[in-house]
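# A closer look at the structure
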Amino acid sequence: MAHALDAVAFLLSETDPGKLGPSAAEVAFVGRSNSGKSTMINALCRKELARASSTPGRTRTINVYQAAPQRRIVDLPGYGFASGPAQSREGWGAMIEGYLTSSRTLAAIFVLVDAKLGPTKLDLEMLNWLQAEGLPWRVVATKTDQVKSSRAFVRRREVAQAVGLAPEALAWVSSQEGTGIGELRNEVAKLLGIAGKKSQTA
Ligand SMILES: Nc1nc2c(ncn2[C@@H]2O[C@H](COP(=O)(O)OP(=O)(O)OP(=O)(O)O)[C@@H](O)[C@H]2O)c(=O)[nH]1
Ligand SMILES: [Mg+2]
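Here is a short report on the structure shown in this document.

Conventions and cut-offs
- For every chain, the first residue of its written sequence is number 1, and the numbers climb from 1 along that sequence.
- Chains and ligands are labelled sequentially in the order written, the chains with letters from A and the ligands with numbers from 1.
- Only residues with pLDDT of at least 70 are given local features in this predicted model, and only at 80 or more are side-chain atom pairs given and counted; all residues enter the totals for whole chains, interfaces and linings.
- Using a C-beta atom placed from the backbone, a residue is scored as near a molecule or strand whenever that atom is within 6 Å of it.
- Numbered from the N terminus, helices here are DSSP runs of H or I no shorter than four residues, and strands are runs of E no shorter than two.
- Note that Gly is not counted as nonpolar here; it falls among the polar residues with everything else outside the nonpolar set of Ala, Val, Leu, Ile, Met, Phe, Trp, Tyr, Cys and Pro and the charged set of Asp, Glu, Lys and Arg.
- A set of buried Ala, Val, Leu, Ile, Met, Phe, Trp, Tyr and Cys residues, joined through C-beta atoms within 7 Å, is what we mean by a nonpolar core.
- Three classes are used. A residue is buried when 20 or more other C-beta atoms lie within 10 Å of its own, exposed when 12 or fewer do, and partly exposed in between, with C-beta atoms placed from the backbone.
- Note on contacts: residues are paired as contacts if their backbone-placed C-beta atoms lie within 7 Å.
- At least two DSSP bridges between two strands are needed for those strands to be called paired.
- Interaxial angles span 0 to 180 degrees and are taken between N-to-C directions of axes, which are lines fitted to C-alpha atoms, for helices over the stretch in contact.

Near ligand 1 lie 24 residues; those nearest to it are Gly36, Thr39, Ala52, Thr59 and Gly78. In terms of residues, the shell around ligand 1 owes the most to one element, helix α1 (residues 37-45), which gives three residues. Here the shell around ligand 1 is built from residues that sort into three nonpolar, 17 polar and four charged.

Time to look at the nonpolar core. By size, the foremost hydrophobic cluster in this structure holds 48 residues, and its most contacted members are Ala28, Phe29, Val111, Ala141 and Val188. Ranked by residues supplied to this core, first place goes to strand β5 (residues 106-114) with six residues. Filtering out sequence-adjacent residues up to four positions away, alanine 28 remains in contact with Val74, Leu76, Leu100, Leu106 and Ile109.

Now for α1. For α1, the tally of buried residues reaches nine of nine residues, placing the bulk of the element in the interior. Among all positions of α1, only Lys37, Ser38, Thr39, Met40, Ile41, Asn42, Ala43, Leu44 and Cys45 are buried. Immediately downstream of α1, the backbone of arginine 46 shows phi near 55 degrees, a positive value.

The next thing to look at is the environment of asparagine 128. Topologically, asparagine 128 is positioned in helix α3 (residues 121-133). A C-alpha to C-alpha distance of 9.7 Å links asparagine 128 and valine 163, two positions 35 residues apart in sequence.

Little of strand β1 (residues 9-14) sits inside the fold, with zero of its six residues counted as buried. Sheet topology note: the β1/strand β3 (residues 62-68) ladder contains five bridges and is antiparallel. Residue leucine 12 lies in a different strand from β3, and its bridge partner there is valine 64.

A word on the sheet that holds strand β4 (residues 71-75). Spatial strand order, β1-β3-β4-β2-β5-β6-β7: seven strands in an open sheet with mixed pairing. Of all strands in the sheet, those with a lone pairing partner are β1 and β7 (171-172), marking the two edges. In terms of strand pairing, strand β6 (residues 137-142) meets β7 through two bridges, oriented parallel. Across the sheet, alanine 141 pairs through a bridge with tryptophan 172, a residue of β7. The sheet contacts of α3 involve β2 (25-31), β5 and β6, and relative to β5 the element is tilted by about 160 degrees. Contacts from helix α5 (residues 181-191) reach β2, β4, β5 and β7, with the element oriented near 135 degrees to β2.

Quick look at α5 now. Those residues of α5 lying buried are Leu184, Glu187, Val188, Ala189 and Leu191. Summarising the contacts, the buried residues of α5 are in contact with β2, α1, β4, β5 and β7. Looking at the residues trailing α5, positive phi occurs at glycine 193, about 75 degrees.

Pairing between β3 and β4: five bridges, direction antiparallel. Among the inter-strand pairings, alanine 68 is bridged to a residue of β4, identified as arginine 71. Between β3 and β4, which follow one another and run antiparallel, lie two residues, and glutamine 70 among them has a positive phi close to 65 degrees.

Moving on: the environment of valine 140. Tracing the backbone through its elements, the reader meets valine 140 in strand β6. Considered as a pair, valine 140 and arginine 46 are 94 residues apart in the sequence and their alpha carbons are 18 Å apart. In this view, valine 140 contacts Phe110, Val111, Leu112, Ala171 and Val173; residues no more than four positions away in its chain are not counted.

So, in structure tokens, the structure goes:
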């Protein structure tokens, strides 16, 4: 069945958050480099929109996808990517921070945390920062297919606890196997104000 997110298409890539143009509602994906942001956007939109790679540091710009006019899904570069010149690494941090604090229409910032590794120091710093800025964040455990199913219940509780949440407040997702993707699709469509609308292309 067609879903509002089936109509998502690439809109633009930018390094200057000031040049993104007007938006009515958007959701953004942040997290460690290699945590699976781009792959998750592809899974949610059911097509290969964002380039994913096993080499960390794949996404280097603010990549904007559009579900309907001014309804956006934003893929961001990851943090904690060790190689590359320090100057450009700092530049990415400033770009991400600049974007997150200047966007007035962010309905949610999905913070991706590797389910097997749990939150890193940088993930916790990001969450503290989002909290301090009063920005709307939501934690998504990713790559949950890498957690043995017999361990999933306990692991979800552990990861949730490590980020200060109740287990059911932590989204539990595998982009590879589709776990939790349907719920997240509906959540994103609702946040963008396009839930229930039929895809324009399907
Ligand atoms: N097992 C498993 N691997 C995944 C999953 N999602 C992503 N991956 C893999 O993780 C690697 C990184 O995925 P990306 O989507 O490029 O990660 P990213 O967060 O966009 O990375 P940057 O752009 O570098 O910040 C790729 O090799 C993906 O195939 C998942 O649900 N399960
Ligand atoms: Mg990426």
